[in-house]
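Spelled out from the first residue to the last, the chains are:
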Amino acid sequence: MTNSWGSRKTIKAIGMMSGTSLDGLDIAAVEITEHDKKWSFKLQEAETISYTTEWKKRLQTAHILSGTELTALNAKYGLFLGEQARKFINNTKFATDLIASHGHTVFHQPENGFTLQIGSGAHLSTSSNCLTVCDFRTGDVVLGGQGAPLVPIGDRLLFSEFEYCLNLGGFANISYEEKEKRKAFDNCPVNIVLNPLAEKFDQPFDKNGELGRQGKVNEALLKKLNALSYYRHQPPKSLGREWIESEFLPILNKTELNTRDKMRTIYEHIALQITKDLSGDGKMLVTGGGAFNSFLMERMQALTSTEIILPETNLIDYKEAIVFAFMGVLRLREEINCLASVTGARKNSCSGVIFLP
Ligand SMILES: Nc1ncnc2c1ncn2[C@@H]1O[C@H](COP(=O)(O)OP(=O)(O)OP(=O)(O)O)[C@@H](O)[C@H]1O
Ligand SMILES: CC(=O)N[C@H]1[C@@H]2OC[C@@H](O2)[C@@H](O)[C@@H]1O[C@H](C)C(=O)O
């Protein structure tokens, strides 16, 4: 506790998260409480603002824009986030102390020393009229870390009753305690590769895994995917769109399988990659939209005796937004919110940039 935020028992925070699946902007209003050095939270309100086709396209193609265009989008998206926050606050009457915004990842190249989440904090804080914390990843990358995943600080301090926390969004990422340190890494791609395949059937995603369930596992493709060098690397490690384009899709696009068989094989690949390192003991909390994919859950549970726990829907949908709200609170209190044991950075850090309205 180093400043006046540290003497507040409860802090009200709004967390905003735009994930890789591009289904929408998740907003969570959370009351975060510290009692006897133990943290707890209450999710008060939550909403997902679906992206319009136009916003989805803008964010999806942001990486090919010119410098000027990307700068303009950063500002425009910051204003958009601010307007959404304002509307949310007006509707819910949640008297928030702060907004913690992840933004939308456009580039993630920790090996080259940078990561970029757009959604200008200055625009967001001014248009929402709220104290805002954003740019949570850069500080860790500058310290030599992967800048991801960051949610494990929340897994450790808010969800410690679970041996594993798994999130199934665009990518799968898992976190767990090992020798009293939090460890975490991105396992493999999930919806970032499944959604475009489902779109071939005019569906935004493979609801409950029904399309993939109808296909057959292709052993040759499965073997090639499992042989990708990323899976042999030791953590810390993380994945991004760049890896999908350079490593995963070239293998997938070379096969002439029908789409259902491709999906079925990808499901097996995901289930194998996630379960291969589990101890077989304890409970695993599964969140993120992929948790609703009952076929994927079945395949995972068939490959491990670690018990898969699906929480209530709001936690499945909003855990990441909740944890970013928590990270914003830690940032204001000047307490550690990025774990070097997870990201491989030279040291733990208190990351995020603060904007006053
Ligand atoms: N009933 C369902 N069956 C199968 N998949 C589902 C279902 N509901 C949601 N999904 C998947 O979950 C995705 C959304 O998940 P989520 O919002 O957790 O991803 P994200 O936050 O964008 O990703 P990330 O955490 O990687 O940034 C959808 O795009 C869809 O693929
Ligand atoms: C760079 C980036 O945006 N990474 C995301 C992405 O989506 C899932 C996975 O890859 C994870 O590493 C991370 O997000 C979550 C919220 C995290 O940092 O914990």
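The rules behind these values
Residues numbered from 1 in each chain as written. Chains lettered and ligands numbered in written order. Predicted model: local features only at pLDDT ≥ 70, side-chain atom pairs only at ≥ 80, totals over all residues. Heavy atoms only, no water. Phe/Tyr/Trp six-rings, centres within 6.5 Å; stacked < 30°, edge-to-face > 60°. Helix = DSSP H or I, 4+ residues; strand = E, 2+ residues; numbered from the N terminus. Buried < 20%, exposed > 50% of the residue type's maximum accessible area, 1.4 Å probe, protein only. Near = heavy atom within 4 Å. Polar contact = N/O pair within 3.5 Å; in protein donor to acceptor, adjacent residues only side chain to side chain. Areas by Shrake-Rupley, 256 points an atom, 1.4 Å probe, with all protein chains shown as cover. Nonpolar A, V, L, I, M, F, W, Y, C, P; charged D, E, K, R; others polar. Salt bridge = Lys/Arg side-chain N within 4 Å of Asp/Glu carboxyl O.

- The protein is annotated in an unreviewed UniProt entry as Anhydro-N-acetylmuramic acid kinase of Draconibacterium halophilum.

1. With respect to the packing of aromatic side chains
(1) Moving on: Applying the stated criterion to the full structure yields 13 aromatic pairs.
(2) Moving on: Ring plane angle 65° and centroid distance 5.5 Å describe the contact between F136 and F324, whose orientation is recorded as edge-to-face. Here the residue F136 occupies a position in the loop between β7 (132-134) and α4 (138-142), and F324 occupies one in helix α12 (residues 313-332), the gap between them amounting to 188 residues. F324 shares its class with F136; the two are buried.
(3) Moving on: Ring centres 5.7 Å apart and planes at 55° place the aromatic pair Y230 and W243 in the tilted group.

2. Things to note about the site of ligand 1
(1) Moving on: Close to ligand 1 lie 22 residues; T20, S21, G170, N195 and N208 are nearest.
(2) Moving on: Note that an oxygen atom of ligand 1 is positioned 3.4 Å from one of the side-chain N or O atoms of N167.
(3) Moving on: At 2.6 Å, a backbone N or O of G170 approaches an oxygen atom of ligand 1.
(4) Moving on: A total of 660 Å² of accessible area belongs to ligand 1 in isolation, and the protein chains cover 89% of it.
(5) Moving on: Elements with a contribution of two residues or more to the shell around ligand 1: β8 (164-168) and α6 (191-199).
(6) Moving on: Partitioning the shell around ligand 1 into residue classes produces five nonpolar, 13 polar and four charged.

3. Some details on the pattern of salt bridges
(1) Moving on: Following the criterion strictly, the structure yields 14 salt bridges and no others.
(2) Moving on: One salt bridge in this structure joins R58 and E54, with 3.1 Å as the shortest N-O distance. Here the residue R58 and the residue E54 both occupy positions in helix α1 (residues 53-60), the gap between them amounting to four residues, near one helical turn.
(3) Moving on: What makes R58 partly exposed here is its relative accessible area of 22%.
(4) Moving on: Residue classification places E54 among the exposed positions, given a relative accessible area of 53%.
(5) Moving on: Here the residues in one salt-bridge network are E34, R333 and E335, joined through shared partners.

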